[in-house]
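What the coordinates show
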Amino acid sequence: MKNTCQNFTKCLNEWGKRKIPFVFLIDFLAQKPVFWRLDEVDPSEVLYDFNGFSNYKTDLDSELNPEFNFRKNPISFDQYQPKFNYVLKNLKAGNSFLVNLSVPTPIETDLALKDIFKFSNAPYRFWLKDQFVCFSPEIFIKIKGNQISSFPMKGTIDASFPNAEKVILSDPKEAAEHATIVDLIRNDISIVAEKVWVERYRYIDPIQTHQKTLLQVSSEIAGVLPDAFDGEFGDLLMKLLPAGSISGAPKPSTLQIIKDAEGYDRGYYTGVMGYFDGENFESAVMIRYIENLHGKLVFKSGGGITAKSDARSEYQEIIDKVYLPFAHVPTPVL
């Protein structure tokens, strides 16, 4: 395992060219990337399942206790509002068009991080022993052959809300926010690709939580990599990070706003995790993330803020995103 950006870029470039399979993590600020050749991954320390590409062997005899404990202790609205107001002030001043504002929420559960990994119903999962578990629904980029694709998620609503799909797709704030992020990702992809287009715009995916079903709005942006690319995944990632969907636009000024407003270290939350199997490359944004901080569990969540955002709605969204994505709906003790 290496832990410097220079080594990260060099090794992923070399492994990509030589078609050596690998797994990797990059933190939000790309200061502590970690990466493993596939034959060096220790499953007692690291478990991953990236859309079926996995080192985890399902335990068929293992069952989830239907009465597990899960309690979230979010910050109050009075604590959230100054952060929101600071972001809004910068948006109205023209310092950003879109800011992803996140907060840490302390949680209590009798489930181990490894248990959460095992029982989560999410396309992208990662467990790092004693540190964190991530169960992300959001693809960052996929590369198959010479085509690169990105799938930004922006917009969430409770599926039980009357006419939920129509409401979120017709909401002007949500539409503007999504258009901004699609433009940003299209511009990012154009840095590494020769031809870029929007394959699908604002489609809906349902996401099951242990309490409710959420509807998530996504788009698909695609491009064609140049013939000279030659598997240089390290260079490609560093040109695209941080992910636009969890930072904002424009990136440099928005990152400073995030730092000032949030006042905490995101760490690997909103970073990127992924793999290369020797042919195909796939990665995910590290959202839906629970971290062990000095023996206490913290669930980090956030949402995109625009000049049209409502503080109460954004506050509720960060709470709704604190959930466990289990395949069935048990009866947690709240």
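Residues numbered from 1 in each chain as written. Predicted model: local features only at pLDDT ≥ 70, side-chain atom pairs only at ≥ 80, totals over all residues. Heavy atoms only, no water.

**A word on the pairing of strand 9 (residues 139-144)**
Rules: At least two DSSP bridges between two strands are needed for those strands to be called paired. Numbering of helices and strands runs from the N terminus; a helix is a DSSP stretch of H or I covering at least four residues, while a strand is a stretch of E covering at least two.
One ladder, built from three bridges, connects strand 9 with strand 16 (residues 281-285); its direction is antiparallel. When the bridges of strand 16 are listed, Lys-142 appears paired with Glu-282. Sheet analysis places strand 9 next to strand 10 (residues 147-150), joined by four bridges and oriented antiparallel. Bridge assignment links Lys-144 to a residue of strand 10, and that residue is Gln-147. Adjacent in sequence and paired antiparallel, strand 9 and strand 10 are bridged by two residues, among which Gly-145 carries a positive phi angle near 65°.

**Description of the environment of Val-224**
Rules: Here, residues are in contact when the closest pair of their heavy atoms is within 4.5 Å.
By the secondary structure assignment, Val-224 is in strand 13 (residues 213-224). Distance in space between the C-alpha atoms of Val-224 and Pro-325 is 34 Å, their sequence separation being 101 residues. Excluding residues within four positions of it along the chain, Val-224 makes contact with Asn-146, Ala-193, Glu-194, Lys-195 and Trp-197.

**A word on unusual backbone geometry**
In this model, Leu-241 is joined to Pro-242 through a cis peptide bond whose omega is -5°. With respect to the helices and strands, Pro-242 occurs in the loop between helix 6 (233-240) and strand 14 (248-249). Phi is positive for Arg-288, close to 60°, though the residue is something other than glycine. Structurally, the position occupied by Arg-288 is in the loop between strand 16 and strand 17 (289-293).

**Looking at the packing of helix 5 (residues 172-192) against helix 6**
What counts here: Axis definition: a line fitted to C-alpha atoms, limited for helices to the stretch in contact. Angles are taken between N-to-C directions and run from 0 to 180 degrees. Each angle is binned into one of four classes, with values under 35 degrees roughly parallel, values over 145 roughly antiparallel, values of 65 to 115 roughly perpendicular, and all other values oblique. Left-handed describes a crossing whose near helix is turned anticlockwise from the far helix by less than a right angle; the clockwise case is right-handed. Under this grouping Gly is polar, as are all residues other than the nonpolar Ala, Val, Leu, Ile, Met, Phe, Trp, Tyr, Cys and Pro and the charged Asp, Glu, Lys and Arg.
In the contact formed by helix 5 and helix 6, the axes pass within 9 Å of each other and the chain directions differ by 150°. It follows from the interaxial angle that helix 5 and helix 6 lie roughly antiparallel. The two elements helix 5 and helix 6 cross, and the hand of that crossing is right-handed. Contact residues: helix 5 offers Asp-188, Ile-189, Ile-191 and Val-192, while helix 6 offers Leu-236, Lys-239 and Leu-240. Tallied by class, residues from the contact of helix 5 with helix 6 come to five nonpolar, no polar and two charged.

**Focus on the environment of Gly-304**
Put simply, the rule reads: Each residue is assigned to one of three classes by its accessible area relative to the maximum for its type, calculated with a 1.4 Å probe on protein chains only: buried under 20%, partly exposed between the two thresholds, exposed over 50%.
Locating Gly-304 in the fold gives a position in strand 18 (residues 296-305). Under the relative-accessibility criterion, Gly-304 is labelled buried at 2%. Along the backbone, Gly-304 and Tyr-315 are 11 residues apart, and their C-alpha atoms lie at a distance of 11 Å. Apart from residues lying up to four places away in sequence, Gly-304 is in contact with Leu-98, Val-99, Asn-100, Lys-154, Lys-173, Glu-177, Ser-309 and Glu-314.

**Examining the confidence of the model for the chain**
Which entries qualify depends on this criterion: Confidence of the predictor at the level of single residues is given by pLDDT, which spans 0 to 100.
Here the chain averages 89 in pLDDT, and 93% of its residues register 70 or above. Ranking the elements of the chain by mean pLDDT puts strand 11 (residues 153-158) last, at 75, and helix 2 (residues 77-92) first, at 98. Ignoring residues within four places in sequence, the model shows residues 1-5, a span with pLDDT below 50, making 15 contacts including any to other chains. Low pLDDT (under 50) marks residues 329-334, which in the prediction has 18 contacts with non-local residues, meaning those over four places away or in another chain.

**Quick word on the pattern of salt bridges**
When their charged atoms lie close together, side chains carrying opposite charge are able to pair. Applicable threshold: Within this document, salt bridges are pairs made up of a side-chain nitrogen of Lys or Arg and a carboxyl oxygen of Asp or Glu, the two lying within 4 Å of each other.
Under the definition given, this model contains 11 salt bridges. The partner of Glu-232 in a salt bridge is Lys-17, with the nearest N and O atoms 3.2 Å apart. Within this pair, whereas Glu-232 is found in the loop between strand 13 and helix 6, its partner Lys-17 is found in helix 1 (residues 5-18), the two being separated by 215 residues in sequence. For Lys-17, a relative accessible area of 43% puts it in the partly exposed group. Between Arg-37 and Asp-39 there is a salt bridge whose closest N-O contact spans 3.3 Å. Of the residues examined, Arg-37 reaches a relative accessible area of 25% and is grouped as partly exposed.

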